[in-house]
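Now for the letters of each chain:
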Amino acid sequence: MLFYRAAIPLSNCTLTRLAGLIRERRAERCSRWRRLDPARQALLVLAHLRNGDTYTRLAAGFGIGTATAWRYVRESIDLLAALAEDVQAAAARAARLAYAILDGTLVPIDRLADERPYYSGKHQRHGVNVQILADPLGRLVWASPALPGATHDLTAARTTGLIDALTSAGVTTFADRGYQGAGGTIRTPFKRHRYRSRLSRAQQDVNRSHSRIRAIGERAVATLKTWKVLAKLRCCPRRATAVVHAILVLQMMEENRYSG
C-alpha cells in the first residue's frame, strides 16, 4: 500500500479547539487509553469531514482499524453537534444583523431508509433538504435539521420552525420564489400570475435588487459544500442532521464566531 501526505484547508485553531473538546469528554468518561491521542483523533475527524476521506483510507493513514476510525468520527460528530444552536438561539443572533438570507440546499445521499421521501424531483436525485441562514456577508449563521429531499423548501422552513422564529425575532429575511407565501418577515420577489403575465417596471427593479441581495446567500451554501463529506453522504440519512450541525460548529470555529 502506498502512502502520501495531504493537506486540510483549516486553521490550527480549529484543530486545537476540537482536540480540547475531545480531551474534556475523555476526562469526563475517565478513559484510560486510546489508540490515538485527542489531537490525532481531531485530525482524523477533520480529514473525514473536510477532505471526505473514507474510513478505510483514514484507518490506513493513522494505523488503526476501520471500526476504530468509524467510532472516533461518530463520537466527535455527536460531540460537536450537541453544541449547535437551536432555531430560537439562531434567530436571536440573526436579530442583531441588518437582514438575513434564507436558502435551501440538497445534500446527496447514497443510503435510503425509504426511497420515495428522499427523492427530490427538483434535483432529480436522492438527498436531504437543509435550510441555510446567512448574514449580509454570505457567512453561515445556522443550518436546519436535515429533512427528506422530497420536502419543499417552504415546508422545510416551516417544519423546522425557522419562519416563526425569524418572524418573532423581527428579522427581515430575503428568500427566493420557492418561499412565496411564507408571510411574516420573509421577503420574496414578485411573481407573475395567470392573469398578470408581465411585471411592471418597478416590480422588475425590485426583483433585480432582491436578486443581488439574495445572491450573497449562495456563498453560505458554497461554504457548507466545501466540506467534502457533504458531496455525497455515505451514512444513514438519519445521521445527516448530526453531520451538518457538526460542520456548522466547526465552520464557526474556523471563523472565530464560536464562543464555546
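Here, every reference points to the structure presented above.
This structure is a prediction, so every number in the text was calculated from the model and none was measured. (Residues numbered from 1 in each chain as written. Predicted model: local features only at pLDDT ≥ 70, side-chain atom pairs only at ≥ 80, totals over all residues. Heavy atoms only, no water.)

Some remarks on the packing of helix 4 (residues 66–81) against helix 10 (residues 240–254)
The criterion, for reference: Here, axes are lines fitted to C-alpha atoms. For helices the fit covers the stretch in contact, and angles between N-to-C directions go from 0 to 180 degrees. By the criteria applied, helices consist of DSSP H or I runs no shorter than four residues and strands consist of E runs no shorter than two, each listed in order from the N terminus. Here the angle decides the label: under 35 degrees means roughly parallel, over 145 means roughly antiparallel, 65 to 115 means roughly perpendicular, and every other value means oblique. Put simply, a crossing is left-handed when the front helix is turned counterclockwise from the back one by less than a right angle, and right-handed when it is turned clockwise. Contacts: residue pairs with any heavy atoms within 4.5 Å of one another. Each residue receives one of three labels: charged for Asp, Glu, Lys and Arg, nonpolar for Ala, Val, Leu, Ile, Met, Phe, Trp, Tyr, Cys and Pro, and polar for the others, Gly being one of them.
Where helix 4 contacts helix 10, the two axes come as close as 8 Å, and the packing angle between them is 70°. When the axes of helix 4 and helix 10 are compared, the pair comes out roughly perpendicular. Considering the relative orientation of helix 4 and helix 10, their crossing is left-handed. Residues I77, D78, L80 and A81 of helix 4 form the contact with helix 10, whose participating residues are A242, V243, H245, A246, V249, L250 and M253. Partitioned by chemical class, the residues of the contact of helix 4 with helix 10 number nine nonpolar, one polar and one charged.

A short note on the pairing of strand 4 (residues 140–143)
The line we're drawing: At least two DSSP bridges between two strands are required for those strands to pair.
Pairing of strand 3 (residues 125–134) with strand 4 involves three bridges; the strand directions are antiparallel. Residue A134 lies in a different strand from strand 4, and its bridge partner there is L140. Between strand 3 and the antiparallel strand that follows it, strand 4, lie five residues; G138 among them carries a positive phi value of about 85°.

Points about the side chain of R239
Rules: Partly exposed describes any residue whose relative accessible area lies between the buried limit of under 20% and the exposed limit of over 50%, with all areas from a 1.4 Å probe on protein chains only and scaled to the type maximum. Between N or O atoms, a polar contact is any pair within 3.5 Å; within protein, one atom must be a potential hydrogen donor and the other a potential acceptor, and residues adjacent in sequence are included only when both atoms are from side chains.
Of note, R239 is situated in the loop between helix 9 (218–225) and helix 10. Its relative accessible area of 16% is what places R239 among the buried residues. Within the structure, R239 has its side chain in polar contact with the side chain of D78 (distance 2.8 Å). Residues within four places of R239 in sequence aside, it is in contact with R74, I77 and D78.

Some points on the pattern of salt bridges
Operational definition: For this analysis, a salt bridge means a side-chain nitrogen from Lys or Arg found within 4 Å of a carboxyl oxygen belonging to Asp or Glu.
Taken as a whole, this structure holds eight salt bridges when the rule is applied. D53 is paired through a salt bridge with R57; the nearest N and O atoms lie 3.7 Å apart. Here D53 falls in the buried class, since its relative accessible area comes to 14%. Since its relative accessible area comes to 46%, R57 is described here as partly exposed. Between D78 and R239 there is a salt bridge, and its shortest N-O distance comes to 2.8 Å.

Considerations on the pairing of strand 3
Among the ten residues in strand 3, nine count as buried, and that is most of the element. Sheet analysis places strand 1 (residues 100–108) next to strand 3, joined by eight bridges and oriented antiparallel. Bridge assignment links P108 to a residue of strand 3, and that residue is G127. Sheet topology places strand 2 (residues 119–120) next to strand 3; two bridges connect them, and they run antiparallel. Residue S120 lies in a different strand from strand 3, and its bridge partner there is R125.

With respect to the packing of aromatic side chains
The cut-off we apply is this: When the centres of two rings from Phe, Tyr and Trp lie within 6.5 Å, Trp using its six-membered ring, the rings pair. Their planes under 30 degrees apart give stacked, over 60 give edge-to-face, and anything left gives tilted. Lysine and arginine charges are scored as sitting over a ring when NZ or CZ, respectively, is within 6 Å of the ring centre and within 35 degrees of the ring normal.
Tallied over the full model, the rule gives one aromatic pair. With 5.3 Å between their ring centres and 85° between their planes, Y99 and F174 make a pair best called edge-to-face. Note that Y99 is positioned in the loop between helix 5 (87–94) and strand 1 and F174 in strand 6 (residues 173–174), a separation of 75 residues in sequence. Stacked on the ring of W227, the Lys or Arg R50 has its end atom at 4.8 Å from the ring centre.

Topic: unusual backbone geometry
Despite not being glycine, C30 shows a phi value in the positive range, around 55°. Along the polypeptide, C30 turns up in the loop between helix 1 (12–29) and helix 2 (38–51). Phi angles above zero are rare outside glycine, and Q124 is one such case at about 60°. Given the relative accessible area of 56%, Q124 is considered exposed.

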